[in-house]
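Chain by chain, the residues:
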Amino acid sequence: MPELSYTTANDGSIVEGYPHRAHAPQRSAFLTLISGAFDLFFRPFRAANPAYALVAISFVVGVAAMLVFRYASNQRAMRRIKNRIHAHILEVRLFPDQLGVVSRAYARVVRYTFLYLVYTLQPLLILLLPMLIVLAQLNLRFSRLPLRPGDSFILKAKFTHPGTDAAASLRLPLGLALTAPPLHIPILREVDWRIRANTEGSFWPAVMVAGNAFTKRVVVSSDLAALYVKRERRSWLNWFSAPGERTLPAATPLRAIEVNYARRAIHAGPFEIEWWVFFLIVAFASGLVAKVILRVEL
Amino acid sequence: MSLTAPCVALDGCSQRHAENRSVLVLGIDGMDPDLLRQYMQKGHMPNFQRLATSGSFRELRTSIPPQSPVAWSNVITGMNPGGHGLFDFIHRDPRTMLPYFSMARVQGPSHSLRLSDWVIPLAGGKAINLRHGAAFWQILDAHGVPSTVFHMPANFPPVDCSSRTLAGMGTPDMAGTYGTFSFYTSDPAEQAGDVAGGHIYTVEVENNRVAATLFGPPDTFREGAPQVPISFTVWLDPSKPVARIDLQDHQVILQEGEWSHWLQLRFSLLPGLESATGICKIYLKQARPSFKLYISPINIDPSQPALPLSTPSSYVRDLWRRAGFFYTQGIAEDTQARMDGVLSDGEFLEQSRMVMDDQFRLFDLELARFRSGLLFGYFSSVDQNSHMFWRTFDKNSPSYSPELAANYGDTLEGFYQQMDHMLGKVLARLNDNTTLIICSDHGFGPFERSVDLDGWLLENGYIALRPNAGEQPWNLFEDVDWANTRAYGLGLQALYLNLMGRERYGTVLPGAMAEALKTEICNKLLAMRDSETGLAPISRVDKAEDVYTGPYVSDAPDLIVGYNQPYRAGWDTVLGEFSSVVLKPNRRPWSGDHCIDHTLVPGVLLSNKRIVARAPALTDIAPTILAEFGIARPEDMVGRSVFKA
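Worth saying up front: this structure is predicted, and the values here are computed from it rather than measured. Each chain has its residues counted from 1, running along the sequence as written. Each chain is given a letter, starting from A, and each ligand a number, starting from 1, according to the order in which they appear as written. The predicted nature of this model means local features are confined to residues of pLDDT at least 70 and side-chain atom pairs, given and counted, to a pLDDT of 80 or more, with totals for whole chains, interfaces and linings taken over all residues. Only heavy atoms go into the side-chain values, all of them from the structure, while hydrogens and water stay out.

Caption draft 1: Up close: the overall build of chain A. Secondary structure is summarised from DSSP: a helix means a run of H or I of at least four residues, a strand means a run of E of at least two, and numbering begins at the N terminus for each. Secondary structure summary: chain A contains 6 helices and 13 strands in total. Burial classification: accessible surface area is computed with a 1.4 Å probe over protein chains only, and a residue below 20% of its type maximum counts as buried, one above 50% as exposed, and the rest as partly exposed. In chain A, which comprises 298 residues, the share counted as buried stands at 46%. For chain A, the exposed area adds up to about 15,600 Å²; of that, 63% sits on carbon and sulfur atoms. We get accessible surface area from the Shrake-Rupley algorithm with a probe of 1.4 Å; when it comes to residues, only the shown protein chains can shield them.

What follows is the structure in structure tokens.
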């Protein structure tokens with residue numbers, strides 16, 4: 001269970017200037033690769049308005065989705081089906097007073113529409129997993145604001161059993177400082193620490209429980225960065241929501257360690273909107289443009 | 001009045017000179033010439049001393065009456081109240097006799113559709129600035145001189161112009177008031193209910209948890225416009241004086257005696273369709289044994305203003321982007337929370353310093369990019385802290401104590417020194433083409449005893465009570481027999497005749513009868529004596545027609561009462577309450593004042609240029625600024641440039 005060994009003793013109250021910066025927890029090669037690719041993509045936009053980065057990735061995603069449709073679907077069959085649907089609709093318009101013809105035409109429209117959906121299923125299934133990964137990566141970067149030097153934040157340790165929070169303490173690396181006594185909330189089995197970020201960087205404050213240290217990465221930066229709000233026990237959802245954050249061991253008394261990064265809104269001219277709304281609008285618009293250029297049947 | 005008053009003829013040389021000119025004005029509310037001299041003599045105001053020595057320092061004649069909205073309107077328009085129409089903090093509508101704040105009014109939509117308890121507006125509401133007359137920066141605008149005007153009082157909503165202006169005194173909070181705080185307490189000794197400056201809510205601490213509700217702006221989409229509620233939770237540590245406040249998306253940990261940063265709150269008006277945002281600060285006064293939490297008035301959010309705060313409208317958002325959140329409420333120092341006992345002297349002082357820091361921070365931003373044209377900065381701290389901390393050095397004040405003097409005796413001087421520090425930064429940026437003007441709207445004096453003007457009018461037979469009037473204190477709007485009343489006081493210094501044809505229940509005939517009555521009341525007021533001090537509580541009474549000129553003289557109070565030092569209008573009399581005790585000691589923390597005889601509280605005027613005017617007045621400031629840019633003063637301005645003989 002021990003994760004990190006610290007050289008400085010902690011008295012359990014206010015700790016400042018812990019002189020040792022812990023190492024980043026290891027991640028799986030696949031997730032490292034994915035995250036690295038996104039980091040690389042966003043590197044040119046690090047210091048710019050995040051809206052620009054979001055426009056760029058939304059454009060790429062919109063175009064990529066069209067390319068997947070273009071090459072992963074049976075475009076010829078889809079075109080043929082659409083033509084047939086159009087023909088049967090025309091049939092309805094031409095012979096509105098012949099009940100038998102109209103009924104048969106409607107039935108065929110329904111049948112071909114269903115068939116059309118079946119043909120679109122294949123590219124949609126191909127897109128599903130990458131899209132979830134993309135959304136998770138974007139959520140990490142655009143839903144929250146990194147801390148700035150001088151900002152205060154709350155680090156929360158949530159425990160599994162009542163009473164275990166009483167002995168918890170905190171160790172802070174240089175660059176972070178505790179600015180209030182720890183706040184115990186027994187009914188929530190939680191201890192909160194108010195911490196001020198003094199300098200830029202990535203830090204690993206450690207929650208100490210029964211001699212064991214459990215770290216949580218904290219990012220202090222004015223640039224665009226991936227932010228992991230919560231470190232918790234392993235679950236299938238973590239794979240998407242926090243792919244770069246190591247899970248807590250199952251046998252620990254800790255349920256989760258959280259950092260309350262502030263929510264980020266994307267400023268687009270006079271509008272202030274959630275990142276995913278902005279993403280969907282731009283991705284959809286660029287997808288439509290790509291559809292016309294690539295002559296994708298959709 | 002025309003905004004395109006002709007420029008004076010300029011030759012080529014002076015034309016260029018005018019184009020390069022810049023004027024920097026610091027408006028320091030309430031700076032008193034006597035105190036300034038005293039602090040300069042002590043050597044504590046080196047920058048003011050330097051300016052006074054190398055330039056000019058004169059006393060500045062204030063407005064009649066010397067109240068900030070009136071005085072700054074004199075500055076803005078170059079006219080007296082007869083020209084701009086502001087006569088007191090409080091005006092009354094003679095048709096209803098009800099009082100209202102004189103500076104601005106927020107008006108709901110003229111037409112609306114009612115569906116069950118929902119009200120759908122069919123027309124937009126609006127905020128109306130009740131000051132008349134063109135502002136000097138509007139005239140500068142018309143002549144192509146760029147201006148930036150910060151926190152100018154009596155400029156909410158800001159008047160139309162292309163200059164950058166930010167509204168000041170008169171700007172309401174989200175509740176539509178001039179500042180309504182919320183205070184939550186578990187102390188059984190505290191009573192829930194409304195107090196003068198806010199609401200007190202009693203709460204219970206259960207399992208170290210407090211559940212409470214914060215009430216925001218009125219929901220005008222609902223019948224009766226109930227205030228929009230936001231539930232919040234406070235988690236208290238079982239043993240240490242620290243708590244976490246969960247309020248919407250915010251989680252804030254505060255130790256006892258700590259203030260939060262600004263919190264942005266969203267109030268849902270029409271769920272999913274319409275909402276408004278405001279900002280507030282939270283102060284954990286006490287965690288244990290009793291829980292006490294103060295939440296500031298909810299200020300209009302500068303990032304998404306619900307009401308117009310600036311010109312152009314984007315300017316306030318630009319300031320927010322550059323400086324973060326800041327106080328937008330007109331008078332941001334919560335003096336009322338101190339008066340209601342919710343904040344202590346130390347707590348009020350801390351809050352007051354936060355307001356000053358905001359004002360300095362914003363001004364610094366503009367000062368740094370100021371190159372030419374006009375920059376005007378307004379600072380409220382000296383005024384508000386003169387009101388609250390005068391008792392710390394006035395040994396005659398009923399609330400003076402040696403302990404208070406030891407703890408806070410130099411507080412006001414500290415604020416003067418802060419202004420000196422600001423002046424130092426300004427002086428460092430001055431060049432030969434810049435005219436610096438420092439002015440205050442009035443000075444200050446002690447407020448040790450109060451005069452219940454309506455009580456005096458009752459005692460002297462000018463007000464008659466209804467036969468069924470209840471116990472005192474009485475109220476103008478419920479207890480007065482208007483058919484037998486000849487005069488009444490409302491506001492800080494206004495006295496009105498109950499004039500036939502003007503007042504709803506008028507009894508006094510206009511003309512000779514009214515004139516005779518005014519003279520009679522004047523003489524009696526001046527003859528009043530305080531048996532405890534032997535002093536005359538009133539040293540001057542002005543008739544409106546003697547001191548005002550302009551189109552709005554007919555709206556003026558008939559008499560303007562000039563209280564002698566150390567007197568002022570009683571607290572209750574301002575809004576129409578009165579009793580049979582006319583003269584009382586003032587034991588409130590609000591112990592310094594200026595709403596008195598205008599000759600006793602002149603302001604200050606300093607400049608880096610030589611002031612030649614013999615008796616400069618507030619109405620001279622606008623013509624002086626215009627003259628510095630070579631613009632002739634419009635005819636309706638009564639003042640003249642102080643730099644010209």
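So much for the structure itself; the text now carries on.
Caption draft 2: Representation of the sheet that holds strand β23 (residues 299-300) of chain B within the structure. Residues and elements named next belong to chain B. Spatial strand order, β19-β20-β23: 3 strands in an open sheet with antiparallel pairing. Strands at the two margins of the open sheet, each flanked by one partner only, are β19 (263-270) and β23. Any two strands between which DSSP finds at least two bridges are classified as paired. Of the strand pairs in this sheet, strand β20 (residues 274-280) and β23 are connected by 2 bridges, and their pairing is antiparallel. Along β23, the bridge assignment pairs G278 with I300.

Caption draft 3: Broad picture of the nonpolar core. Residues and elements named next belong to chain B. Among the nonpolar cores identified, the biggest contains 107 residues, and M31, L36, F48, Y184, F232, L293 and F363 are the most heavily contacted of them. Ranked by residue count, the leading element in this core is helix α9 (residues 345-368), at 9 residues. Counting residues in each nonpolar core, the second largest holds 45 residues, with I139, L605, I611 and V642 among its members. Nonpolar cores were defined as sets of buried Ala, Val, Leu, Ile, Met, Phe, Trp, Tyr and Cys residues, with membership established by side-chain atoms within 4.5 Å.

Caption draft 4: Spatial organisation of the sheet that holds strand β12 (residues 193-195) of chain B. Residues and elements named next belong to chain B. Strands sit in the order β12-β13-β11-β22-β21-β18 across an open sheet of 6 strands; the sheet is mixed. Two strands close off the open sheet at either side, each with one partner strand: β12 and β18 (258-259). Relative to strand β21 (residues 282-286), β18 runs antiparallel, the two being bridged by 2 bridges. From the neighbouring strand, W259 faces β21, where its bridge partner is Y283.

Caption draft 5: Representation of a positive patch on the surface in the model. Residue and element names in this part refer to chain A. Positive charge collects at one region of the surface, where R76, R80, R84, R104, R108 and R111 lie side by side. Those elements giving two or more residues to the positive patch turn out to be α3 (75-94) and α4 (99-142). Take R104: its relative accessible area is 46%, and that puts it in the partly exposed class. A residue counts toward a patch only above 30% relative accessible area and without a salt bridge, and it is joined to like-charged neighbours within 9 Å or, for Val, Leu, Ile, Met, Phe, Trp and Tyr, to nonpolar neighbours within 5 Å. Any carboxyl oxygen of Asp or Glu that lies within 4 Å of a side-chain nitrogen of Lys or Arg is treated as forming a salt bridge with it. We count Lys and Arg on the positive side and Asp and Glu on the negative side, and we leave His and both chain ends out. For the purpose of locating charges, the reference atoms are NZ of Lys, CZ of Arg, CG of Asp and CD of Glu.

Caption draft 6: Structural view of the layout of surface pockets. Residue and element names in this part refer to chain B. Cavity: a set of points on a 1 Å grid over the protein atoms alone where a 1.4 Å probe fits but cannot get out. Pocket: an open set with protein on both sides within 12 Å along at least five of seven lines, its lining residues, like those of a cavity, having an atom within 4 Å of a point. Grid points are joined across faces, edges and corners, and a volume is the space filled by probe spheres set on the points. Here the second largest pocket is characterised by a volume of approximately 1,200 Å³. Forming the walls of the second largest pocket are 40 residues, and the residues nearest its centre are F101, A196, Q336, W571 and L575. Only β4 (99-101), β13 (198-202), α8 (335-339) and α10 (381-389) provide two or more residues apiece to the lining of the second largest pocket. Gly is put with the polar residues, along with every residue not named as nonpolar or charged; the nonpolar set is Ala, Val, Leu, Ile, Met, Phe, Trp, Tyr, Cys and Pro, and the charged set is Asp, Glu, Lys and Arg. Residues of the lining of the second largest pocket, tallied by class, amount to 19 nonpolar, 13 polar and 8 charged.

Caption draft 7: Molecular detail of the confidence of the model for chain A. Residues with a pLDDT of 70 or more make up 89% of chain A, whose mean pLDDT is 87. pLDDT is a per-residue confidence score from the predictor, ranging from 0 to 100. A contact between two residues is defined here by any heavy atoms of the two lying within 4.5 Å. Low pLDDT (under 50) marks residues 1-26 of chain A, which in the prediction has 58 contacts with non-local residues, meaning those over four places away or in another chain.

Caption draft 8: Structural detail: the interface of chain B and chain A. Taken together, the contacts link 18 residues of chain B with 20 residues of chain A. Area buried by chain B at its contact with chain A is led by B:W235, B:R244 and B:I253, which between them contribute 36% of it. Summed over the shared surface of chain B and chain A, the number is 4 salt bridges. Between B:E258 and A:R194 there is a salt bridge; the shortest N-O distance is 2.7 Å. N or O atoms closer than or at 3.5 Å make up a polar contact, with two conditions inside protein: a donor-capable atom paired with an acceptor-capable one, and, for residues adjacent in sequence, both atoms drawn from side chains. The interface formed by chain B and chain A contains 7 residue pairs in polar contact (both at pLDDT 80 or more). Listing elements by their share of the side of chain B that touches chain A, those giving two or more residues are β15 (227-236), β16 (242-247) and β17 (250-255) of chain B. Here the side of chain B that touches chain A gets 5 residues from one element, more than from any other, and that element is β17(B). Looking at the side of chain B that touches chain A residue by residue, the class counts come to 9 nonpolar, 4 polar and 5 charged. Here the buried area means the combined drop in accessible surface, using a 1.4 Å probe, for two parts upon being joined, counting both sides.

Caption draft 9: Broad picture of the side chain of B:T624. Residue placement: B:T624 occurs in helix α16 (residues 621-628). With near-sequence residues (within four places) excluded, B:T624 lies in contact with B:I437, B:R640, B:S641, B:V642 and B:F643.

Caption draft 10: Expanded view of the side chain of A:R264. Residues and elements named next belong to chain A. Among the secondary structure elements, R264 is positioned in the loop between β11 (254-259) and β12 (266-268). The buried charged residue R264 lacks any salt bridge, with D223 as its nearest oppositely charged partner at 9.5 Å. Separated by 3.4 Å, the side chain of R264 and the backbone oxygen of R141 make a polar contact.

Caption draft 11: Quick peek at the domain arrangement of chain B. Domain start and end points were adopted from an automatic or database domain assignment. The domain boundaries assigned to chain B delineate domain 1 (17-86 + 131-172 + 308-447 + 600-628), domain 2 (181-300) and domain 3 (449-585). Here the C-alpha centre of domain 3 of chain B lies 41 Å away from the C-alpha centre of domain 2 of chain B.

Caption draft 12: Region of the structure containing the environment of B:I245. Residues and elements named next belong to chain B. The topology assignment puts I245 in strand β16. Look at I245 and you get buried, because its relative accessible area is 1%. C-alpha of I245 to C-alpha of L293: the two residues are 48 residues apart in sequence and 10.0 Å apart in space. Apart from the residues within four sequence positions on either side, I245 is in contact with F232, T233, V234, H250, Q251, V252, L254, I282 and L293.

Caption draft 13: The arrangement of the pattern of salt bridges in detail. Residues and elements named next belong to chain B. The final tally for this structure, using the stated rule, is 42 salt bridges over all chains. For K518, the salt bridge goes to E545, with nearest N and O atoms at 3.1 Å. You can see K518 sitting in helix α14 (residues 512-527) and its partner E545 sitting in helix α15 (residues 544-547), a full 27 residues away along the chain. The partly exposed category is assigned to E545, whose relative accessible area is 37%. A salt bridge links K609 to E628, with the shortest nitrogen-to-oxygen separation between them at 3.0 Å. Of this pair, K609 sits in the loop between β38 (603-607) and α16 while E628 is found in helix α16, placing the two residues 19 residues apart along the sequence.

Caption draft 14: Focus on the packing of aromatic side chains. Pairing of aromatic rings covers Phe, Tyr and the six-membered ring of Trp, with a centre-to-centre limit of 6.5 Å; geometry is then stacked below 30 degrees between planes, edge-to-face above 60, and tilted otherwise. Under the defined criterion, the tally for this structure stands at 33 aromatic pairs over all chains. Taking the centre distance of 5.4 Å and the plane angle of 50° together, the rings of B:F87 and B:Y548 count as tilted. Within this pair, whereas B:F87 is found in the loop between α5 (81-84) and β3 (90-92), its partner B:Y548 is found in the loop between α15 and β33 (559-563), the two being separated by 461 residues in sequence. Like B:Y548, B:F87 is buried. In this analysis the charged atom, NZ for Lys or CZ for Arg, is taken to sit over a ring once it is within 6 Å of the ring centre and within 35 degrees of the ring normal. Of note, A:R111 hangs over the ring of A:Y112, and the distance from its end group to the ring centre comes to 5.1 Å. Looking at B:K609, its charged tip hangs above the ring of B:F643, at a distance of 4.7 Å from the centre.

Caption draft 15: Representation of helix α4 (residues 68-77) of chain B in the model. All names here are of chain B. The buried fraction of α4 is high, at 10 of 10 residues. Inspection of α4 places S68, P69, V70, A71, W72, S73, N74, V75, I76 and T77 among the buried residues, and these make up the whole buried set. A positive phi of about 70° marks G78, the residue just after α4.

Caption draft 16: Spotlight on the packing of α9(B) against α10(B). Residues and elements named next belong to chain B. Relative orientation of the contacting elements α9 and α10 amounts to 170°, with a least axis distance of 10 Å. The angle between the axes of α9 and α10 places the two elements in the roughly antiparallel class. Taken together, the residues of α10 that come into contact with α9 (itself represented by D345, F348, L349, S352, M356 and Q359) are S381, N385, M388 and F389. Residues of the contact of α9 with α10, tallied by class, amount to 5 nonpolar, 4 polar and 1 charged. Between the N-to-C directions of two axes lies an angle of 0 to 180 degrees, each axis being a line fitted to C-alpha atoms and, for a helix, fitted only over the stretch in contact. By the definition adopted for this analysis, an angle is roughly parallel if under 35 degrees, roughly antiparallel if over 145, roughly perpendicular if from 65 to 115, and oblique otherwise.

Caption draft 17: Representation of unusual backbone geometry. All names here are of chain B. Cis geometry marks the peptide bond from F156 to P157; its omega dihedral reads -15°. Structurally, P157 is set in the loop between β9 (147-152) and β10 (164-167). At the junction of R288 and P289, the peptide bond is cis and its omega measures out at 0° in the coordinates. Residue position: P289 is located in the loop between β21 and β22 (292-295). In the Ramachandran plot, N207 falls in the positive-phi region, its phi being about 55° despite a non-glycine side chain. If you trace the backbone, N207 turns up in the loop between β13 and β14 (209-218).

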